[in-house]
Amino acid sequence: MSITNEEAIKQLRALMEDVDDSLREPYRNIHQGYPTETLIRFLKARDWNVQKAHKMLLECLEWRTQNEIDKILTKPIVPVDLYRAIRDTQLVGVSGYSKEGLPVIAIGVGLSTYDKASVHYYVQSHIQMNEYRDRVILPSASKKQGRPICTCLKILDMSGLKLSALSQIKLMTAITTIDDLNYPEKTETYYVVNVPYIFSACWKTIKPLLQERTKKKIQVLKGCGKDELLKIMDYESLPHFCRREGSGSGRHISNGTSDNCFSLDNSFHQDLYDYVKQQALLVKGTNAPIRHGSVHVKFPEPDSEGNKIFDTLETEFQKLGNDHKI
């Protein structure tokens, strides 16, 4: 790390020492005992500009306070049948860990339909997975490795990606913006696998719009990516859709459901759901009924770069749709 970067960390740390008392608890929930690594993430997200990183961090803390994000792990999505429907249509899970100890998060981009619940439920579910990752998974990995583990790897499965995905652009924009502004630099590398033509066509248009820092993080792999991914993780940590060529993604392609990391029956989702229910009981008491209904989180506005990317993506999808009709 350069002297300039070290000075930037020092300056941002000094600014955060004067943070308002009402924001100290949210700040502790963000850094989980690793404040320096957290400052570095926000500085990277703002190209090491101290003032911009400080503004971003304060806005993140205020967003957490206004939307009671620190309490979101005490608000289970009930009944369980509704949560199962969300898990079947918002395909995300943890498949294991890399050889360096980073959690491997799998995302079924192509086959996620987001059509069994309201937008607010899907956003609540997404934030709960973020918070569980940051408050439980990463601290546990750090303890096991004996060093700070503050980032993860993501494997994006594009199997089944269709033009109908255009209808999900609004929801994906909200989720991506929440991550960009409030959980910056949490992903070390994105591995894109099982790529259909529609993705390849869009990628050529989108790639030039991305910041250089972001482009370096994205690797589009051949086929299911198995050979490349086995260089950085063991076979047991591969998501089910990467275990053999042509296996595809899907909600049910696996030996049962336990090795399908998208399934509610997978150990990660079972542990997450049990954890949230236990936290709810600790807060409300064992006799208090768990309230039904989604948590309504304010969606932050995407920045100009984000707007440009999503507008371009929407245009490209429409163009492909018109070509398909012709």
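Every value quoted in this text rests on a predicted model; they were computed, and no experiment measured them. (Residues numbered from 1 in each chain as written. Predicted model: local features only at pLDDT ≥ 70, side-chain atom pairs only at ≥ 80, totals over all residues. Heavy atoms only, no water.)

(A) Structural context of the environment of asparagine 67. Residue position: asparagine 67 is located in the loop between helix 4 (50–66) and helix 5 (80–89). Sequence separation between asparagine 67 and valine 297 is 230 residues; the distance between their C-alpha atoms is 5.7 Å. Excluding anything up to four places from it in sequence, asparagine 67 contacts His296, Val297 and Lys298. Polar side-chain contacts of asparagine 67 include one of 2.9 Å to the backbone oxygen of tryptophan 63. (Helix = DSSP H or I, 4+ residues; strand = E, 2+ residues; numbered from the N terminus. Contact = heavy atoms within 4.5 Å. Polar contact = N/O pair within 3.5 Å; in protein donor to acceptor, adjacent residues only side chain to side chain.)

(B) Geometry of helix 5. Taken together, the buried positions of helix 5 are Leu82, Tyr83, Ile86, Arg87 and Thr89. Considering only its buried residues, helix 5 is in contact with strand 1 (92–97), helix 6 (119–145) and helix 11 (267–284). (Buried < 20%, exposed > 50% of the residue type's maximum accessible area, 1.4 Å probe, protein only.)

(C) Focus on the pairing of strand 2 (residues 103–108). Taking burial as the measure, the six residues of strand 2 include six buried ones, the bulk of the element. The two faces of strand 2 match: Pro103, Ile105 and Ile107 on one face and Val104, Ala106 and Gly108 on the other face are all buried. Judged from the five bridges that link them, strand 1 and strand 2 form a sheet pairing that is antiparallel. Paired with valine 94 across the bridge in strand 2 is isoleucine 105. Between the end of strand 1 and the start of strand 2, which pair antiparallel, lie five residues, with glycine 101 showing a positive phi angle near 90°. Of the pairings in the sheet, the one linking strand 2 to strand 3 (residues 152–157) comprises five bridges and is parallel in character. (Pairing = 2+ DSSP bridges.)

(D) Focus on the layout of surface pockets. If you add up the space inside the largest pocket, you get close to 510 Å³. As for the largest pocket, its lining consists of 23 residues, of which Lys44, Leu102, Thr151, Thr187 and Glu188 are closest to the centre. Mapped onto the lining of the largest pocket, the elements with two or more residues apiece are helix 3 (35–45) and strand 4 (187–193). When residues in the lining of the largest pocket are grouped by element, the largest group, four residues, is from helix 3. Classifying every residue of the lining of the largest pocket gives eight nonpolar, three polar and 12 charged. Space inside the second largest pocket adds up to approximately 360 Å³. As for the second largest pocket, its lining consists of 15 residues, of which Met56, Glu59, Cys60, Leu181 and Pro300 are closest to the centre. Looking at the lining of the second largest pocket, the elements that each hand over two or more residues are helix 4 and helix 7 (169–182). No other element matches the eight residues that helix 4 contributes to the lining of the second largest pocket. (1 Å grid on protein atoms, 1.4 Å probe; cavity = no way out; pocket = protein on both sides within 12 Å on 5 of 7 lines; lining within 4 Å. Points joined across faces, edges and corners; volume = space filled by probe spheres on them. Nonpolar A, V, L, I, M, F, W, Y, C, P; charged D, E, K, R; others polar.)

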